[in-house]
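Residue-level structural notes
Chain by chain, the residues run as shown.
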Amino acid sequence: MKEEQKHIEALHDIKDMMNRSSRFISLSGLSGISAGLCALAATIYIWPVWLAVREKLRTGGDLQVYPYPATDVQRLLIMTGIVTFLTALLLALLFTWMRSRKTNTSMWGSTAKRLMTNTAIPLIAGGLVTYRLLDLELVGLIAPSCLIFYGLALLNGSKYTVSEIRWLGICEIILGIINLWFIGYGLVAWAIGFGVLHILYGALMWWKYERV
Amino acid sequence: MNNPIEHLNKVFDSRIRLGIMSAVMVNAEVNFNELKELIQVTDGNLASHLKTLEENNYIKVNKGFIGRKTNTTYAVTKAGEKAFKSHLEALEKMIKGIH
């Protein structure tokens, strides 16, 4: 019947408008894939240095409280981290910008702002904690703390964007917690969390929402 | 016999008004431009539908400023929330009724 069809359409419209007005849905799956690839590339680049550092630390003594690595090695690791993060962020923004043009929604609307603030708060807190861990020479706790705080940031942001990101957040948190009991495998956990999980998530999202 | 059509609210019998109500239901407040982008209508058209909803006391208008530019935001009222919910229930009942 014509009348019923109209009601079904109205309900569908309502759901769509509620979603579009309260969530930032232009987040592209390709953003996840590109961020993941950046993380894997950085892991491969840093792997030999990391192995050497780890060996040195291991023979040096206490595993839980690592001594500070030589400053130049430390600088290399930190710089690689920062460059990787910025490249991944830039690519993620690019793909999301491209998608927002396709879905005809503005990239800097109030939904985007809400998403940014709500992910930024746990992320900044995590950044400070991680910085302090490095300061206190608790190098082994850096990777778990990055993963856990990143997961919490995603979990918090998931209310303001595609809901699937909640599961990515939970996986990052679990991985970070597991890593707490496998100190010394930080880079492996990092590669899984920021590399493999991002690629899996991005590919799934692309397959589900963006495939033509 | 209970006729569900009675519960369908005439005020919501427009895609634009439904869109406005959907947006104000899930957001604390929404401004004019956001609504325009969301529903994809002209200024005049949107304004007249907003007026109708305001006259029915379903939304409240808050005129503010961002710097020098006016920023009018809209929020749902208690009455609007109640009316929209019962409208949704009526829609659902009608659809379930067929199957």
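Check the entry above for the structure.
Owing to the predicted nature of the structure, the values given are computational and were not obtained by experimental measurement.

Take the overall build of chain B next. Counting its secondary structure elements, chain B contains four helices and three strands. Going residue by residue from the N terminus, the α and β elements of chain B occur as α-β-α-α-β-β-α. For chain B, the spread of C-alpha atoms along the principal axes amounts to about 55 × 25 × 20 Å. Classification of the 99 residues of chain B by burial places 44% in the buried group. Relative to all contacts within chain B whose residues are 6 or more apart in sequence, the contacts with residues 24 or more apart total 56%. As displayed, chain B has an accessible area near 6,100 Å², and 51% of this comes from carbon and sulfur atoms. Taken together, the 14 basic and 11 acidic charged side chains of chain B have centroids lying 3 Å from each other.

Glancing now at the overall build of chain A. Counting its secondary structure elements, chain A contains seven helices and zero strands. If you take every contact in chain A between residues at least 6 apart in sequence, the share linking residues at least 24 apart comes to 79%. Put simply, chain A shows about 12,200 Å² of open surface, and 71% of that area lies on carbon and sulfur atoms.

All names here are of chain A. Its 16 residues give helix α5 (residues 142–157) an end-to-end C-alpha distance of 22 Å, which sits within 8% of 22 Å, the value for a rise of 1.5 Å per residue. All buried positions along α5 are accounted for by Ile-142, Ala-143, Pro-144, Ser-145, Leu-147, Ile-148, Tyr-150, Gly-151, Ala-153, Leu-154 and Gly-157. The inward-facing, buried residues of α5 abut α4 (110–135), α6 (165–180) and α7 (186–210).

Counting across every chain of the model gives five aromatic pairs over all chains. Between Trp190(A) and Phe194(A), the ring centres sit 6.2 Å apart and the planes meet at 50 degrees, which makes this aromatic pair tilted. Of the two residues, Trp190(A) and Phe194(A) both sit in helix α7, four residues apart, roughly one turn of that helix. Ring geometry for Phe12(B) versus Tyr58(B): centroids 5.4 Å apart, planes at 35 degrees, classification tilted. One end of the pair, Phe12(B), is in the segment before α1 (15–26); the other, Tyr58(B), is in the loop between α3 (43–55) and β2 (59–66), and 46 residues separate them in sequence. Judged by its relative accessible area of 13%, Tyr58(B) falls in the buried class. Directly above the aromatic system of Trp207(A) lies the positively charged group of Arg211(A), at a separation of 3.8 Å from the ring centroid.

The subject of this paragraph is the sheet that holds β2(B). All names here are of chain B. Here three strands make up an open sheet; going across it, the order is β1-β3-β2 and the pairing antiparallel. Only two strands of the sheet have a single partner each, and these edge strands are β1 (30–31) and β2. Where β1 lies against strand β3 (residues 69–76), two bridges are found, and the strand directions are antiparallel. Residue pairing for β3: Val-30 is matched across the bridge by Tyr-74. On the sheet, α1 packs against β1, β2 and β3 and is oriented at approximately 85 degrees with respect to β3.

Let us look at α6(A). Residues and elements named next belong to chain A. Taking 1.5 Å per residue, 16 residues should reach 22 Å; α6 reaches 23 Å between its end C-alpha atoms and fits that length. Those residues of α6 that fall on the buried side of the exposure criterion are Ile-165, Leu-168, Gly-169, Glu-172, Ile-173, Leu-175, Gly-176 and Asn-179. Projected down its long axis, α6 carries its buried residues within an arc of 165 degrees, all on one side. At its buried positions, α6 is contacted by α5 and α7.

This paragraph deals with the interface of chain B and chain A. Size of an interface: often given as the accessible area lost when the parts come together. Across the contact, 22 residues belong to chain B and 18 residues belong to chain A. Carbon and sulfur atoms supply 67% of the area that chain B and chain A bury against each other, a total of about 1,800 Å² over both sides. On the surface where chain B and chain A come into contact, there are one salt bridge. One salt bridge in this structure joins Arg15(B) and Asp13(A), with 3.6 Å as the shortest N-O distance.

The rules behind the values
- Residues numbered from 1 in each chain as written.
- Chains lettered and ligands numbered in written order.
- Predicted model: local features only at pLDDT ≥ 70, side-chain atom pairs only at ≥ 80, totals over all residues.
- Heavy atoms only, no water.
- Helix = DSSP H or I, 4+ residues; strand = E, 2+ residues; numbered from the N terminus.
- Buried < 20%, exposed > 50% of the residue type's maximum accessible area, 1.4 Å probe, protein only.
- Contact = heavy atoms within 4.5 Å.
- Areas by Shrake-Rupley, 256 points an atom, 1.4 Å probe, with all protein chains shown as cover.
- Lys, Arg positive; Asp, Glu negative; His and termini not counted.
- Charge placed at Lys NZ, Arg CZ, Asp CG, Glu CD.
- Expected span 1.5 Å × (residues − 1).
- Phe/Tyr/Trp six-rings, centres within 6.5 Å; stacked < 30°, edge-to-face > 60°.
- Lys NZ or Arg CZ within 6 Å of the ring centre and 35° of its normal.
- Pairing = 2+ DSSP bridges.
- Axes fitted to C-alpha atoms, helices over the stretch in contact; angles between N-to-C directions.
- Arc of directions from axis to C-beta.
- Buried area = accessible area lost by both parts, 1.4 Å probe.
- Salt bridge = Lys/Arg side-chain N within 4 Å of Asp/Glu carboxyl O.

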